[in-house]
Amino acid sequence: MDLAYIPSPSTGVINLGPIPLRGYAFCIIIGVFVAVWYGNKRWIARGGTAGTVADIAVWAVPFGLVGGRLYHVITDYQLYFSEGENWVDAFKIWEGGLGIWGAIALGAVGAWIGCRRRGIPLPAYADAIAPGIAFAQAIGRWGNWFNQELYGRPTDLPWALEITESANREAGTYHPTFLYESLWCVGVALLVIWADRRFKLGHGRAFALYVAAYCAGRAWIEYMRVDEAHHILGLRLNVWTAIIVFVLAVAYIVISARVSPGREEIVERKADQADRTAEADADAAEGTDGADEAVKGSGAEDAEPQDAAPGSGADADVDVDAGSGKDVEHGAGNGAGSAAKN
């Protein structure tokens, strides 16, 4: 008898009144929100504008969901198109089955479209959202817990996962590979955040680090799983995928560091123009304040008329300026007379 284990939920559906909310979909939705929220914070810190990450996510998320489902259906086609199976189940995404490889690949296509529409570089955007994607994966993996799927080999460890019996699974305690991957993804996110701050990663290298680190963990976690999968040379297909993608990601980091060292100074032109305008306004305001201070410093504002010495020119000027209309008329008449004589 096992003294300790992780229990599985009796159902994968949470009922919110008349609305059924499946745990798998719930985890995916929360993960997406976390990725967008944290990606937005990182994007603003890089010099971008608020809302850009969400605008591009409108393109990336649907593409990613379609890509993830396509990868799963293609690589596990026997679950839907073999004898006795119903091909319509291939569209039931809420029952589980999203391949991260397809999600990232096709999601990148959607992000590329969104970036082109906003006129920003895709690598910079990918660097900003990389840790958020890892956090989203950590949350999304708990959807497998709700569906009691993707567990590992049998074990009697204290953190073993209890699986109940059904048509497609045998009751027992197994390695909670969903938990292993969830914790690994949290570690990957923290690694990318630290490396980005320490080395100022740019031009897509933070995203490549996320990919490489995730693949390193996925390879050994995938090796522990016991669900049905295709094998090539004795290894599961996803293990080979992780190895190939890992090599490509590391190669990208090395080559990119040589070709484009450093980090992008400008990630979004709109934000840069706004900063330039704000700086110009600030400079203009400082110039105006400086002129006002100069005027005050000269004493021109506070200068008051002083009494002039009797008989001086200043006194005469004051008398002329302050003269009555009669004096003006008299002067005008004398002038006119002189003009007539000439």
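Look up: the structure comes first, before these words.
Per chain, residues are indexed from 1 in the order of the written sequence. Under the rules for a predicted model, residues below a pLDDT of 70 receive no local features and side-chain atom pairs below 80 are neither given nor counted, while totals for whole chains, interfaces and linings still include all residues. Calculation of side-chain values draws on the structure's entire complement of heavy atoms; hydrogens and water are dropped beforehand.

1. Notes on unusual backbone geometry
Here comes step 1: Not every positive phi belongs to a glycine, and Gln-148 is a case in point at roughly 50 degrees.
Here comes step 2: Strands are runs of DSSP state E lasting at least two residues, helices are runs of H or I lasting at least four, and both sets are numbered from the N terminus onward. Here Gln-148 is to be found in the loop between helix 6 (142–147) and strand 3 (161–163).
Here comes step 3: Notably, His-203 is not glycine yet its phi reads approximately 60 degrees, a positive angle.
Here comes step 4: With respect to the helices and strands, His-203 occurs in the loop between helix 7 (177–199) and helix 8 (205–224).

2. Considering the pattern of salt bridges
Here comes step 1: Definition used for salt bridges: Asp or Glu carboxyl oxygen within 4 Å of a side-chain nitrogen of Lys or Arg. Within this structure, the stated rule accounts for 13 salt bridges.
Here comes step 2: Between Arg-46 and Glu-264 there is a salt bridge, and its shortest N-O distance comes to 2.8 Å. In this pair, Arg-46 is assigned in the loop between helix 1 (23–45) and helix 2 (52–75) and Glu-264 in the loop between helix 9 (237–259) and helix 10 (269–298), connecting sequence segments 218 residues apart. Glu-264 carries the same exposure label as Arg-46, and that label is buried.
Here comes step 3: A salt bridge links Arg-118 to Glu-268; the shortest N-O distance between them is 3.2 Å. Separated by 150 residues along the polypeptide, Arg-118 in helix 4 (residues 100–118) and Glu-268 in the loop between helix 9 and helix 10 bring together distant segments of the chain.
Here comes step 4: With a relative accessible area of 28%, Arg-118 lands in the partly exposed category.
Here comes step 5: We call a residue buried when its accessible area falls under 20% of the maximum for its residue type, exposed when it is over 50%, and partly exposed in between, using a 1.4 Å probe and counting protein chains only. Looking at Glu-268, the relative accessible area reads 2%, which means it is buried.
Here comes step 6: By sharing partners, the salt bridges in this structure join Arg-141, Glu-181, Arg-218, Glu-222, Arg-225, Asp-227 and Arg-236 into a single network.

Nothing here speaks to function; it is all geometry.
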